[in-house]
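# Reading the structure
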Amino acid sequence: MGPLWLLALIAGLSFFGFVLGRWKSVVLSGKGRGTLAARPGYYGAYVLIWTAMPALLILVALSIAKPILIEHTVRANLPEQVLANSTQLSLEVSGVEQVAAGLKLVTPEELENIRIGVVSARSVFAQHGLPLGQDVKPYQLTAAGALNLVSDGLDTAVDAAVVAALAFGLIFAFVRVKPRLRARNLVENTVLVLLIAASSVAILTTIGIVLSLLFQALQFFSMVSPVSFYFGTVWDPRFAAAGSTESGQFGFLPLFWGTLYISFFAMVVAVPVGLFSAVYMAEYATSKVRSVAKPLIEILAGIPTIVYGFFALTTVGPLIRDYIAMPLGLGTSGNNVLTAGLVMGIMIIPYVSSLSDDIITAVPRSLRDGSLALGATRSETMRQVILPAALPGVVGAILLAVSRAIGETMIVVLAAGVAARASLNPFEEMTTITVKIVNQLTGDLEFTSPQTLVAFALGITLFVITLGLNVLALTIVRKYREQYE
Amino acid sequence: MSAVQATTAFDTVRTPDPANRPIKIHTASVKVTYGQKEALHGVSIDIPEKAVTAFIGPSGCGKSTFLRCINRMNDTIAGARVEGTIKLDDQDIYDPDLDVVELRARVGMVFQKPNPFPKSIFDNVAYGPRIHGLARSKADLEEIVVTSLQKASLFNEVKDRLSEPGTGLSGGQQQRLCIARAIAVSPEVILMDEPCSALDPIATAKVEELIDELRANFTIVIVTHSMQQAARVSQRTAFFHLGHLIEEGPTDHVFTNPLEQRTQDYITGRFG
Ligand SMILES: Nc1ncnc2c1ncn2[C@@H]1O[C@H](COP(=O)(O)OP(=O)(O)OP(=O)(O)O)[C@@H](O)[C@H]1O
Ligand SMILES: [Mg+2]
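Analysis parameters
- Residues numbered from 1 in each chain as written.
- Chains lettered and ligands numbered in written order.
- Predicted model: local features only at pLDDT ≥ 70, side-chain atom pairs only at ≥ 80, totals over all residues.
- Heavy atoms only, no water.
- Helix = DSSP H or I, 4+ residues; strand = E, 2+ residues; numbered from the N terminus.
- Rg over C-alpha atoms; globule rule 2.2 N^0.38 Å.
- Buried < 20%, exposed > 50% of the residue type's maximum accessible area, 1.4 Å probe, protein only.
- Contact = heavy atoms within 4.5 Å.
- Areas by Shrake-Rupley, 256 points an atom, 1.4 Å probe, with all protein chains shown as cover.
- Lys, Arg positive; Asp, Glu negative; His and termini not counted.
- Charge placed at Lys NZ, Arg CZ, Asp CG, Glu CD.
- Salt bridge = Lys/Arg side-chain N within 4 Å of Asp/Glu carboxyl O.
- Buried area = accessible area lost by both parts, 1.4 Å probe.
- Polar contact = N/O pair within 3.5 Å; in protein donor to acceptor, adjacent residues only side chain to side chain.
- Nonpolar A, V, L, I, M, F, W, Y, C, P; charged D, E, K, R; others polar.
- Phe/Tyr/Trp six-rings, centres within 6.5 Å; stacked < 30°, edge-to-face > 60°.
- Lys NZ or Arg CZ within 6 Å of the ring centre and 35° of its normal.
- Pairing = 2+ DSSP bridges.
- Axes fitted to C-alpha atoms, helices over the stretch in contact; angles between N-to-C directions.
- Near = heavy atom within 4 Å.
- Disulfide = S-S within 2.5 Å.
- Core = buried A, V, L, I, M, F, W, Y, C linked by side-chain atoms within 4.5 Å.
- Parallel < 35°, antiparallel > 145°, perpendicular 65-115°, else oblique.
- Left-handed = near helix turned anticlockwise from the far one by under 90°.
- pLDDT = per-residue confidence, 0-100.

### With respect to the overall build of chain A
Summing up its helical and strand segments, chain A has 18 helices and two strands in all. In terms of overall size, chain A is more extended than a compact globule, its C-alpha atoms giving a radius of gyration of 33 Å where 485 residues would be expected to give roughly 23 Å. Dimensions of chain A, computed from the C-alpha atoms along their principal axes, are close to 90 × 80 × 40 Å. By the burial criterion, 42% of the 485 residues in chain A qualify as buried. Across chain A, the fraction of contacts at a sequence separation of at least 24, relative to all contacts at a separation of at least 6, is 73%. When the accessible surface of chain A is totalled, it reaches about 25400 Å², and 69% of it is carbon and sulfur. The averaged location of the 28 negative side-chain charges in chain A is 17 Å from the averaged location of its 31 positive side-chain charges.

Quick look at the structure:
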């Protein structure tokens, strides 16, 4: 039986178990053997959990163990000289796996022919629709045979174990169903375990991502010292030509500067515009205007960044070049920091305005009334009471928007270019950390050269920066919340 | 009794003011509608100067609504419409030429729940004077703040921590801070909507004492659910019921000798 069949069997029997458990509890209580400690559905769920859980756990555990066991078998059957060449080992293993798949397709006579060498395995496999890249070597045949033996054995074992678990769980739980049984506890605990498992997935993934970044970044730092990385002012990684030992310069500062400079312009656009529109939405707009305008502003956040990039490249960039940069004699490139900053600022307006709007609306009405009743005008109330009260939250919203800006890549590539440079002139090309990460990871990769590994060092640095901003933002927002509870 | 009859043929039972104080606020046939719903069906009352007038009545009868008409706070509620005449010192406050900001500086308000701004105690009290430019110098402002806090009998409790946030005070202190804040703009009238409902008996007693002192300089209108409070602090009492002003008169008269059966019933706790 394949895993799908097993899953279907588990589902079917679990449902059956549910019906049985429910039925038994109803019958027992009907016979006056005591009132139920929980509603009948809980007894059904009790039997269901006992039926499904052990079987599922066994299925999952064995599915995880299977590839490990198989690889182990293959290695045990490979000759010494193949094992010695450790870099090719994983290739060898997958080669054997392919041969094993082929062996499952052939008929016994063909197998015999292959064994005595009358026909080549490769051509037989090809006839069955499995083209191989290379001729099959004899030791591969031996290993593949062993692999198939172990894998078939394992499959049978899985089937048997799952069926046994199903039967045991079903019978055990069914027998235990009695009116006094605390069926609710098991159900509650199972729900709890499922919830915890779900949250662990997200957390473990984050940890996994960080660890994988960290591992590669450390490898990079063993080749390039952290000091020359973090304090280097020249970004010139050179090409990662295969076999070349030439190492470029990996100065982080120009990228960091570009990131900060572009984000700065983005904030110059997004903060005032976002904040003012939030104030308008929250305090002045009638509910009709609000219900139309708010979604319209939020649409800005839904536009794909590549479209913004396009807009910057074809419209904003040339405009700034022709009407500002060239007349002032400050630059001749349509790719510049100002363009990227402006367009990115437009993109993050809704991040600022939407969050600030919620925060401003959350300021208690009693504060507004208090101020108005003292004879303050609406804008005085806004400036002197509501905004100060909302300020921490608004700052939090802005910081979240900043971390969004720092992580943005597409707009920068198209609007500011890819030249790493640290300059004060906003009409020059510059670039950011994320762009360089993409840059270093496109093309033919060799995951041992500093040219590639630097991307991971950049990645983890960026991660730390945005994480810091987010933590700061969340702390501020939380502090603000406490004020009114 | 149908609603139509109630709104057209309705007479408030009035007992005149024996002290014969001058009239500060005069209202005639004030009606308030929230959207389609009429909440007040024509209220006419004269409120005397430098005295405490209490509004009593069962929940939802329109006391707060009427109070909010007097400083036009109903303007801030979407869908609220006010008809009729309200005059402050013979000046129509719903006159289109009238400046609402100025009106609210003359008619202050204290709310049911203390609502200090999340600013320092000093800045809370200084808020109004700053907005209206009442102080010419820093010393001036300080003096206004100190006298207001003194008048609100709060100064001694907070004099060492004027720069601490007003939200850090106890509920009763916060409410007195709000009263000080209202006094600081030297209004002529102070409206109070259940100012003690969030306070314990001790804090309540302090605020009541304060109201009694303030009466010498301000015209005070207070909404309350406590008969004892109305009896203790007010000189005149007005009883509202279902959007009508049923009876108004000198407090001792209304409490000992109500002329209307409904007033009698409410005061003795038979309904509401
Ligand atoms: N903002 C509003 N929108 C719609 N209806 C309102 C609004 N405020 C008050 N009302 C209605 O007007 C009527 C009078 O309300 P009001 O708040 O004046 O009563 P109240 O006498 O102050 O009651 P309470 O003693 O409970 O404070 C009530 O029926 C209420 O539902
Ligand atoms: Mg009220």
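Read on, since the account is not over.
### A look at the pattern of salt bridges
Tallied over the entire structure, the rule returns 28 salt bridges over all chains. Taking the shortest distance from any N to any O, the salt bridge between Arg75 of chain A and Glu71 of chain A comes out at 2.9 Å. Taken together, the positions of Arg75 of chain A and Glu71 of chain A, both in helix 2 (residues 40-77) and four residues apart, correspond to about one turn of that helix. Looking at Glu71 of chain A, the relative accessible area reads 31%, which means it is partly exposed. The network of salt bridges with common partners includes Lys24, Glu49, Asp89, Arg106 and Glu188 of chain B.

### As for the interface of chain B and chain A
Taken together, the 22 residues of chain B in the interface contact 19 residues of chain A. Summed over both sides, the interface between chain B and chain A buries roughly 1600 Å², with carbon and sulfur atoms accounting for 64% of that surface. The largest per-residue losses of area from chain B upon contact with chain A belong to Pro118, Tyr127 and Ile131 of chain B, which jointly make up 31% of the total buried on that side. At the junction of chain B and chain A, the tally comes to zero salt bridges. For the pair chain B and chain A, the number of links is five residue pairs in polar contact (both at pLDDT 80 or more). Classifying every residue of the side of chain B that touches chain A by side-chain character gives 14 nonpolar, five polar and three charged.

### Examining the side chain of Thr204 of chain B
With respect to the helices and strands, Thr204 of chain B occurs in helix 8 (residues 201-214). Non-local contacts of Thr204 of chain B, meaning those with residues more than four positions away in its chain, are made with Cys196, Leu199 and Gln229 of chain B.

### Considering the packing of aromatic side chains
The description of an aromatic ring pair uses the distance of the two centres, along with the angle that the planes make with each other. In the structure shown here, the tally under the stated rule is 20 aromatic pairs over all chains. Here Phe221 of chain A and Phe229 of chain A contribute two aromatic rings whose centre-to-centre distance is 5.5 Å and whose plane-to-plane angle is 70°, an arrangement assigned as edge-to-face. Of the two residues, Phe221 of chain A and Phe229 of chain A, neither departs from the other in class, the shared state being buried. The aromatic ring of Tyr42 of chain A is capped on one face by Arg184 of chain A, whose charged end is 6.0 Å from the ring centroid. Taking the ring centre of Tyr94 of chain B as reference, the NZ or CZ of Arg72 of chain B above it sits at 4.9 Å.

### Observations regarding the sheet that holds strand 8 (residues 189-193) of chain B
Residues and elements named next belong to chain B. A sheet is described by the order of its strands in space; here seven strands give the open sequence 1-11-10-4-9-8-7, paired in mixed fashion. In this open sheet, the two strands that pair with only one neighbour each are strand 1 (13-14) and strand 7 (107-110). Relative to strand 11 (residues 244-250), strand 10 (residues 236-241) is paired through six bridges, and the arrangement is antiparallel. Residue Ala238 lies in a different strand from strand 11, and its bridge partner there is Glu248. Packed onto the sheet, helix 8 meets strand 4 (52-56), strand 8 and strand 9 (219-223) and runs at close to 150° relative to strand 9.

### Quick notes on the site of ligand 1
Residues and elements named next belong to chain B. What surrounds ligand 1 is a group of 14 residues, the closest being Lys37, Ser59, Ser64, Thr65 and His225. Within the side chain of Lys37, an N or O atom sits 2.7 Å from an oxygen atom of ligand 1. Coverage of ligand 1 by the protein amounts to 66% of the 630 Å² it exposes when considered alone. Where the shell around ligand 1 is concerned, the elements lending two or more residues are strand 3 (37-48) and helix 2 (63-70). In terms of residue class, the shell around ligand 1 is made up of four nonpolar, six polar and four charged.

### A look at the pairing of strand 3 of chain B
Residue and element names in this part refer to chain B. In this structure, strand 2 (residues 23-34) lies alongside strand 3, joined through nine bridges in antiparallel fashion. What sits directly across from Ile23, in strand 3, is Pro48. Between strand 2 and strand 3, which follow one another and run antiparallel, lie two residues, and Gly35 among them has a positive phi close to 65°.

### Some words on the pairing of strand 5 (residues 80-88) of chain B
All names here are of chain B. By the bridge criterion, eight bridges tie strand 2 to strand 5 in an arrangement that is antiparallel. Directly across from Lys31, in strand 5, lies its bridge partner Glu83. As judged from the two bridges shared by strand 5 and strand 6 (residues 91-92), these two strands associate in the antiparallel manner. In the sheet register, Leu88 faces strand 6, and the bridge partner there is Gln91.

### Quick word on the state of the cysteines
Think of a disulfide as a covalent bridge from one cysteine sulfur atom to another cysteine sulfur atom. Residues and elements named next belong to chain B. The tally for this structure, following the rule as stated, stands at zero disulfides over all chains. The structure places no disulfide on Cys69, whose sulfur is separated from the nearest cysteine sulfur, that of Cys61, by 13 Å. Considering cysteine sulfurs only, Cys178 is the nearest to Cys196, which forms no disulfide, with 12 Å between them. The class for Cys196 is buried, based on a relative accessible area of 8%.

### A few points about unusual backbone geometry
All names here are of chain B. Backbone geometry places Ser29, a non-glycine residue, at a positive phi of 45°. Within the element layout of this structure, Ser29 appears in strand 2. Taking relative accessible area as the criterion, Ser29 reaches 43% and is therefore assigned partly exposed. Of note, Lys50 is a non-glycine position whose phi angle comes to about 45°, a positive value. Structurally, Lys50 is set in the loop between strand 3 and strand 4. On the accessibility criterion, Lys50 (41% relative accessible area) is partly exposed.

### Structural notes on the side chain of Thr461 of chain A
Residue and element names in this part refer to chain A. Tracing the backbone shows Thr461 in helix 18 (residues 450-482). Here Ala457 takes part through its backbone oxygen, which lies 2.6 Å from a polar atom of the side chain of Thr461. If we skip the residues at most four places from it in the chain, Thr461 touches Phe229, Tyr230 and Phe252.

### Quick word on the environment of Leu170 of chain A
Residue and element names in this part refer to chain A. Residue position: Leu170 is located in helix 7 (residues 138-176). Measuring from C-alpha to C-alpha, the distance between Leu170 and Pro67 comes to 30 Å, with 103 residues separating the pair along the chain. Apart from residues lying up to four places away in sequence, Leu170 is in contact with Leu13, Phe16, Gly17, Val47 and Thr51.

### Let's talk about the nonpolar core
When a protein is soluble and globular, its nonpolar side chains tend to lie buried together. Core analysis: the biggest nonpolar cluster contains 78 residues, and Phe220, Phe229, Ile348, Ile360 and Leu458 of chain A have the highest contact counts within it. Phe229 of chain A has contacts with Phe220, Phe221, Phe250, Gly251, Phe252, Val454, Ala457, Leu458 and Thr461 of chain A, leaving out every residue within four places of it along the chain. By size, the runner-up hydrophobic cluster in this structure holds 44 residues, among which are Phe122, Ala184, Ile190 and Leu199 of chain B.

### Quick look at the packing of helix 2 of chain A against helix 8 (residues 183-223) of chain A
Residues and elements named next belong to chain A. Contact geometry for helix 2 and helix 8: axes closest at 8 Å, N-to-C directions at 50°. As judged from the angle between their axes, helix 2 and helix 8 are oblique. Note that helix 2 runs across helix 8; the crossing there is left-handed. Taken together, the residues of helix 8 that come into contact with helix 2 (itself represented by Tyr42, Tyr43, Ala45, Tyr46, Ile49, Trp50 and Met53) are Ala183, Arg184, Leu186, Val187, Glu188, Thr190 and Leu194.

### Observations concerning the confidence of the model for chain B
Residue and element names in this part refer to chain B. On average, residues of chain B score 89 in pLDDT, and 96% of them are at 70 or above. Confidence drops under pLDDT 50 across residues 1-9; counting only partners more than four residues distant or on other chains, this segment forms six contacts. For this predicted complex, the interface confidence score (ipTM) comes to 0.89, while the overall pTM stands at 0.72.

### Let's talk about the sheet that holds strand 2 of chain B
The pairing of strands in a sheet happens through backbone hydrogen bonds and is either parallel or antiparallel. Residues and elements named next belong to chain B. If you trace the four strands from one edge of the open sheet to the other, you get 3-2-5-6, paired in antiparallel fashion. Each edge of the sheet is formed by a strand with only one pairing partner; in this case those strands are strand 3 and strand 6. Strands strand 2, strand 3 and strand 5 of the sheet are contacted by helix 2, whose axis makes an angle of about 120° with strand 2.

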